Amino acid sequence: MTTTDSQHGLEQKLARPPKELLSSTSFLLKRLGWEIKDRAMEAFESTGLTPQHHAVLSVLEEGAPETQGTIADALGYDRSHLVGLLDELEERGLVQRRRDPVDRRRHLVSLTAEGKETLTRLRSIVKRFEKEFFAPLDAGQRETLHSLLLVLASHHDKRYGSSGH
């Protein structure tokens, strides 16, 4: 066996994280967060939109026109970053911005009919990639995982609490 053969054999062996990291819940959450983000970006790629666009459309679909600041705050997005997302959505005809008649310094943002149709398509994409990602879990485990994550999220960010709904 040559040195190249033994190096190739080592490359074939699966490199695993150390036990210390595998026993760390925060490490696993971080790794899974990166993985689901990558898969979501890949799933949305054909639409020309991103999961962040989906989130903005979801906020707008829940109610009356929102101010740009309210949308940014609801999603935890930087306000200047949100302006870019809204520009992209507006260029595609998915949202409409207009001056707030009460405060002309602000813009009200609303979902267009085309935005509602796009949101429906994006939801089916999310449903599909989540089904694939969470396939190893049965329905009860998925519900338990979601409940536990919601408890953690609401503890660390009050927007996720039941009073925020």
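One can find the structure itself at the top, above this paragraph.
Here we summarise the structure given alongside this text. (Residues numbered from 1 in each chain as written. Predicted model: local features only at pLDDT ≥ 70, side-chain atom pairs only at ≥ 80, totals over all residues. Heavy atoms only, no water.)

**Structural notes on a nonpolar patch on the surface**
On the surface, Leu22, Leu28 and Leu32 cluster together into a nonpolar patch covering about 230 Å² of accessible area. Along the chain, Leu22 falls in helix H2 (residues 19-22). (Patch = residues over 30% accessible without salt bridge, like charges linked within 9 Å, V, L, I, M, F, W, Y side chains within 5 Å. Areas by Shrake-Rupley, 256 points an atom, 1.4 Å probe, with all protein chains shown as cover. Salt bridge = Lys/Arg side-chain N within 4 Å of Asp/Glu carboxyl O. Helix = DSSP H or I, 4+ residues; strand = E, 2+ residues; numbered from the N terminus.)

**Some points on helix H3 (residues 25-44)**
Look at H3: 28 Å from first C-alpha to last across 20 residues, which is about the 28 Å you get at 1.5 Å a residue. Turning to H3, its buried residues are Phe27, Ala40 and Phe44. Projected onto a plane normal to the axis of H3, the buried residues spread over an arc of 165 degrees and lie on a single side. For H3, the secondary structure elements touched by its buried residues are H2, helix H4 (51-61) and helix H7 (113-133). (Expected span 1.5 Å × (residues − 1). Buried < 20%, exposed > 50% of the residue type's maximum accessible area, 1.4 Å probe, protein only. Arc of directions from axis to C-beta. Contact = heavy atoms within 4.5 Å.)

**Here we look at the pattern of salt bridges**
Any two side chains of opposite charge can pair, on the condition that their charged atoms come close. Under the counting rule described, the total for this entry stands at 8 salt bridges. Here Asp157 ties to Arg159 by a salt bridge, and the two come within 2.4 Å at their closest N and O atoms. Take Asp157: its relative accessible area is 21%, and that puts it in the partly exposed class. Assessed through its relative accessible area of 36%, Arg159 is described here as partly exposed. Each of Asp87, Glu90 and Arg97 takes part in salt bridges that share partners, so that together they form one network.

**Focus on the side chain of His53**
Take His53: it is sitting in helix H4. Overall, the relative accessible area of 4% leaves His53 in the buried class. Within the structure, the side chain of His53 is placed 2.6 Å from the side chain of Glu88, a separation counted as a polar contact. The residues contacting His53, other than those within four sequence positions of it, are Leu85, Glu88 and Leu89. (Polar contact = N/O pair within 3.5 Å; in protein donor to acceptor, adjacent residues only side chain to side chain.)

**Some thoughts on the sheet that holds strand S1 (residues 66-67)**
Strand order in the open sheet made by the 3 strands is S1-S3-S2, with antiparallel pairing throughout. A single partner strand is all that each edge strand has here, and the edge strands are S1 and strand S2 (95-99). Bridge count between S1 and strand S3 (residues 107-111): 2 bridges; the pairing is antiparallel. By the bridge assignment, Glu66 is partnered in S3 with Val109. Packed on one face of the sheet, helix H6 (residues 79-91) meets S2 and S3 and runs near 115 degrees to S2. (Pairing = 2+ DSSP bridges. Axes fitted to C-alpha atoms, helices over the stretch in contact; angles between N-to-C directions.)

**Side note on the nonpolar core**
One finds Val56, Leu57, Leu60, Ile71, Leu82, Leu89 and Val95 to be the most contacted residues of the largest nonpolar core, which totals 24 residues. Of all the elements in the fold, those that place two or more residues in this core are H3, H4, helix H5 (68-75), H6, S3 and H7. Other than its neighbours up to four places away in sequence, Leu89 contacts Leu49, His53, Val56, Leu57, Leu94 and Val95. (Core = buried A, V, L, I, M, F, W, Y, C linked by side-chain atoms within 4.5 Å.)

**Here's the deal with the side chain of Thr47**
When you line up the elements, Thr47 lands in the loop between H3 and H4. A polar side-chain atom of Thr47 sits 3.0 Å from the main-chain amide nitrogen of Leu49. Thr47 has contacts with Arg92, Leu122 and Ile125, leaving out every residue within four places of it along the chain.

**Concerning the environment of Val59**
With respect to the helices and strands, Val59 occurs in helix H4. With a relative accessible area of 17%, Val59 lands in the buried category. C-alpha separation for the pair Val59 and Leu111, spaced 52 residues apart in sequence, amounts to 9.4 Å. Once residues within four sequence positions are removed from consideration, Val59 is found in contact with Glu66, Ile71 and Leu75.

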